[in-house]
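# Structural features, examined
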Amino acid sequence: MSTSDDPRERWRQLARAELSGADPDTLVHCLPSGIEARPLYTAEDLAGLEHLGSVPGEYPYVRGVRATMYAGRPWTLRQYAGFSTPEDTNAFFRRALAAGQRGLSVAFDLPTHRGYDADDPAVRGDVGKAGVAVSSVEDMTIVFDGIPLGEVSVSMTMNGAVLPVLAAFIVTAEEQGVSRAQLSGTIQNDILKEFMVRNTYIYPPAPSMRIVADVMEFVSRHMPRFNSISISGYHMQEAGASAELELGYTLADGLEYLEAAVARGLDVDAVARSMSFFFGIGMDFFGEIAKLRAARLLWATLVRERFAPRDPRSLLLRTHCQTSGVSLTAQDPLNNVVRTTLEALAAVLGGTQSLHTNAYDEALALPSDRSARIARNTQLILQHETGIVGVVDPLGGSYFVERLTHELATRARAVIAEVDALGGMTRAIERRVPQRRIERAAAERQARIERGTDIVVGVNAFRAPEEPEVELRVIDTASVVRTQTERLAVLRARRDPARVAAALEALVRGAEGSENLLELAIEAMRARATVGEVSAALARVFGRHEERAMTTTGVFTEHYRDDPEFAALVERTARFVEEHGRRPRILIAKLGQDGHDRGAKVIAGGLADVGFDVELGPLFMSPLDVAKHALESDVHCVGVSTQAGAHLTLVPELVEALDRVGARGVRVVVGGIVPERDRAVLRERGVAAVFGPGSSIVEIARMLLDLLEATPEGLAP
């Protein structure tokens, strides 16, 4: 036995004996974050780490933003929810508060996000599907009926239509007798990430940034208990960003917003204290813990370097976290209870201020009452049964966690430096640099899963022999649209049309000039203008933003380079070209207001690597738009990527529209979140194939070629 004083050398000798002489240093593995991790870390790994030695509540806040953290006050349970109608959402919120939840977080439906009223014919398939439909102060009043807004903290995930939605909330509080100064909570107001990943934007980047600054200005002056912005890395992670990209781009967004506010003449301390952050927490357990610690370290350092605030509270990165949606699997969904628990534990050990835990069935539908209760109880069990709240930063000093914190901070700072070199986040987004980085990371992740490099239990390994029955929430879209349309009709009949018109005209003049647009939006919503009317008035000045997606290619070719099945598919596609005079051509489309395009982009890149001719359509298309595009592009097939639950309405309309425009021979396939019960309905309505979550590129390409070769009519050039 060695008497060496070097712990690593002593370990190597012990390990060699266990490994029959093999070199233990070959046991290096790659974390999901992409960072290589050794099997052993020692005190030697802490050398040179400048953040060591600080205590919780002290700069640079790696160990927590408060000295006592959860020992003094546990994190806030803040479940994100919104169910079809304002009445349903209000009932859910009341039950949640009665069950121990301490903060509310509102999920709005996609038409509301995109600035449309629920009675707009262009959005009827999306109304109430992925959140609550809110078109007016009346809707907002129902959402918070019986909920004292002066006592309950409210978070609202809203960006594109932030002006009318926040204005409606403020007016609702006023009519409850609660002043704006009494309101506590957060408005997301993070438009830059919408241009990167989530796509629920309305206006182009420049006027959108003006709106962000107007909200920050108003809140900093009139709402001292309210956070004017929540800078979101969550949606970047959901779109496929690695930990360093999520961390780097999120903080770069925050710096850009702070610079915009200071340029407006606002005091940096007043603004910085009203900013918060929002991170996704995935299955990279130690990586996510280190990410939150690194975020606090970097934010405190960068804000002090760039803005020199006087108040130390301006350096605090306060964050809400949500367990990952993309880690949830449609296959064997009860496994998601375990995933969510581990992700929630990582968020807590990382030092989050509030937390939302996803329900196990959210890869299939909006959560049922049962699954939502389990998700909420997951946090209650962590708070009350584990004892982890009693120790501040329990992993502080861990050789591995401290080194990983440093490594992630270093990598994220390099990402921020690249953004700075491009002229800031707005310029970087205009040049599509963050989008390309995230899209490639998403394709890399999907390719690793398909090849089995990354194991997902129940999906690509350890599959259940039979899928369990899962109770799913069903939204009756027609009923929601009818209810909301009737409410809007009553609103328009009762309001003063002249007052509404004057308020909207004042909003237009304000957009043309320099008045604070939130102040004007409050007046418009007080006059009973609608979300759609306020958004349309601003669009008269700013226009609506349109962006065409690009396809990232080459990733699947690289990952499948030694795979005979993939090579056979490439050869089969080449034979298709020889026989039919052109490549199999597919239009991949998003219908309605669903801007979640990660799946569409990944599939587009994968099929292109197989040899398909892929047309990736623009976002927010109607069924008729897609049908015309398919005819003009002369495609063999339309692939609809769906995530927001509108497939039963919009996909049958697409099939009918293809027939109307003379493209009856074009096949329609659907992929994404489609519950099993809906698949037979879609096939009966003319859909040729349905690909569920977890379908591989190889499987999809093979089935598409089978489909096209089985029905050869119309394949000639």
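As a reminder, the structure under discussion sits directly above these lines.
Calculation notes
- Residues numbered from 1 in each chain as written.
- Predicted model: local features only at pLDDT ≥ 70, side-chain atom pairs only at ≥ 80, totals over all residues.
- Heavy atoms only, no water.
- Buried < 20%, exposed > 50% of the residue type's maximum accessible area, 1.4 Å probe, protein only.
- Helix = DSSP H or I, 4+ residues; strand = E, 2+ residues; numbered from the N terminus.
- Pairing = 2+ DSSP bridges.
- Right-handed = clockwise from strand over helix to strand, strands pointing away.
- Expected span 1.5 Å × (residues − 1).
- Arc of directions from axis to C-beta.
- Contact = heavy atoms within 4.5 Å.
- Axes fitted to C-alpha atoms, helices over the stretch in contact; angles between N-to-C directions.
- Parallel < 35°, antiparallel > 145°, perpendicular 65-115°, else oblique.
- Left-handed = near helix turned anticlockwise from the far one by under 90°.
- Nonpolar A, V, L, I, M, F, W, Y, C, P; charged D, E, K, R; others polar.
- Polar contact = N/O pair within 3.5 Å; in protein donor to acceptor, adjacent residues only side chain to side chain.
- Phe/Tyr/Trp six-rings, centres within 6.5 Å; stacked < 30°, edge-to-face > 60°.
- Lys NZ or Arg CZ within 6 Å of the ring centre and 35° of its normal.
- 1 Å grid on protein atoms, 1.4 Å probe; cavity = no way out; pocket = protein on both sides within 12 Å on 5 of 7 lines; lining within 4 Å.
- Points joined across faces, edges and corners; volume = space filled by probe spheres on them.

## Considerations on the pairing of strand β10 (residues 319-323)
Look at any regular strand and the pattern is simple: side chains alternate between the two faces of the sheet. Counting buried residues in β10 gives five out of five residues, a clear majority hidden from the surface. Going residue by residue along β10, you find T319, C321 and T323 tucked away on one face and H320 and Q322 tucked away on the opposite face as well. Here strand β9 (residues 275-281) pairs with β10 via five bridges, running parallel. Within β10, the residue paired with F278 across the bridge is H320. With helix α12 (residues 285-307) bridging β9 and the parallel β10, this β-α-β connection has right-handed handedness. Relative to strand β11 (residues 354-356), β10 is paired through three bridges, and the arrangement is parallel.

## Here we look at helix α23 (residues 564-580)
Each full turn of the α-helix corresponds to 3.6 residues, which orients residues three or four apart in the same direction. With 17 residues, α23 extends 24 Å between its outermost C-alpha atoms, agreeing within 8% with the 24 Å of an ideal straight helix rising 1.5 Å per residue. Inspection of α23 places F566, L569, R572, T573, F576 and H580 among the buried residues, and these make up the whole buried set. In an axial view of α23, the angular spread of the buried residues amounts to 115 degrees, which keeps them on one side of the axis. What points out from α23, more than 90 degrees from its buried face, is the exposed set P564 and E578.

## Points about the pairing of strand β13 (residues 613-616)
Relative to β13, strand β12 (residues 585-589) runs parallel, the two being bridged by four bridges. Bridge pairing in β13 places L587 opposite E615. Following the backbone out of β12, through helix α24 (residues 598-610) and into the adjacent parallel β13, one traces a crossover that is right-handed.

## Looking at the environment of R572
Position of R572 relative to the elements: it lies in helix α23. Accessibility expressed as a relative area gives 16% for R572, which makes it buried. Along the chain, R572 and G611 lie 39 residues apart, while their C-alpha atoms are 9.2 Å from each other. Setting aside chain neighbours within four positions, we find R572 in contact with R702, L705, D706 and E709.

## What to know about the packing of helix α10 (residues 243-263) against α12
At a closest axis distance of 11 Å, the pairing of α10 and α12 adopts a crossing angle of 30 degrees. If you check the angle between α10 and α12, you find them roughly parallel. The two elements α10 and α12 cross, and the hand of that crossing is right-handed. Of the residues in α12, those touching α10 at A243, E246, L247, L251, G254, L255, L258, E259 and V262 are K291, A294, A295, L298, W299, L302, V303, R306 and F307. The residue makeup of the contact of α10 with α12, split by class, is 13 nonpolar, one polar and four charged.

## Details of the side chain of H545
You can see H545 is positioned in the loop between α21 (531-542) and α22 (555-559). Looking at H545, the relative accessible area reads 16%, which means it is buried. Within the structure, H545 has its side chain in polar contact with the side chain of E547 (distance 3.4 Å). For H545, the contacting residues outside a window of four places in its chain are F195, Y201, I202, Y203, P204 and P205.

## A short note on the packing of aromatic side chains
For the coordinates displayed, the defined rule picks out 17 aromatic pairs. With a centroid separation of 6.4 Å and an interplanar angle of 20 degrees, the aromatic rings of F93 and F144 are classed as stacked. Residue F93 is found in helix α3 (residues 86-98), and its partner F144 is found in the loop between α5 (137-143) and β5 (153-156); the two are separated by 51 residues along the sequence. Assessed through its relative accessible area of 0%, F144 is described here as buried. Both rings, one in Y201 and one in F620, keep their centres 5.9 Å apart while their planes meet at 85 degrees; by these two values the pair is edge-to-face. In this pair, Y201 is assigned in the loop between α7 (192-198) and α8 (205-222) and F620 in the loop between β13 and α25 (623-633), connecting sequence segments 419 residues apart. As far as burial versus exposure is concerned, Y201 and F620 are alike and both buried. Sitting above the plane of the Y59 ring, R304 keeps its charged end 3.7 Å from the centroid.

## Regarding the sheet that holds strand β15 (residues 667-672)
With parallel pairing, the five strands of this open sheet are ordered in space as β13-β12-β14-β15-β16. Each edge of the open sheet carries a strand with a single partner, namely β13 and β16 (689-691). Averaged over neighbouring strand pairs, the angle between their axes works out to 20 degrees when direction is ignored. Where α25 meets the sheet, it contacts β12, β13 and β14 (637-642), and its direction lies at approximately 160 degrees from that of β12.

## Overview of empty space enclosed by the protein
For the structure on display, the rule yields eight cavities of 30 Å³ or more. Taken together, 13 residues form the lining of the largest cavity, with A239, I438, E439, R598 and K601 sitting closest to its centre. Of all the secondary structure elements, the ones that give two or more residues to the lining of the largest cavity are α7, α17 (433-451) and α24. For the lining of the largest cavity, the leading source of residues is α17, giving five residues. Taken together, the residues of the lining of the largest cavity break down into seven nonpolar, two polar and four charged.

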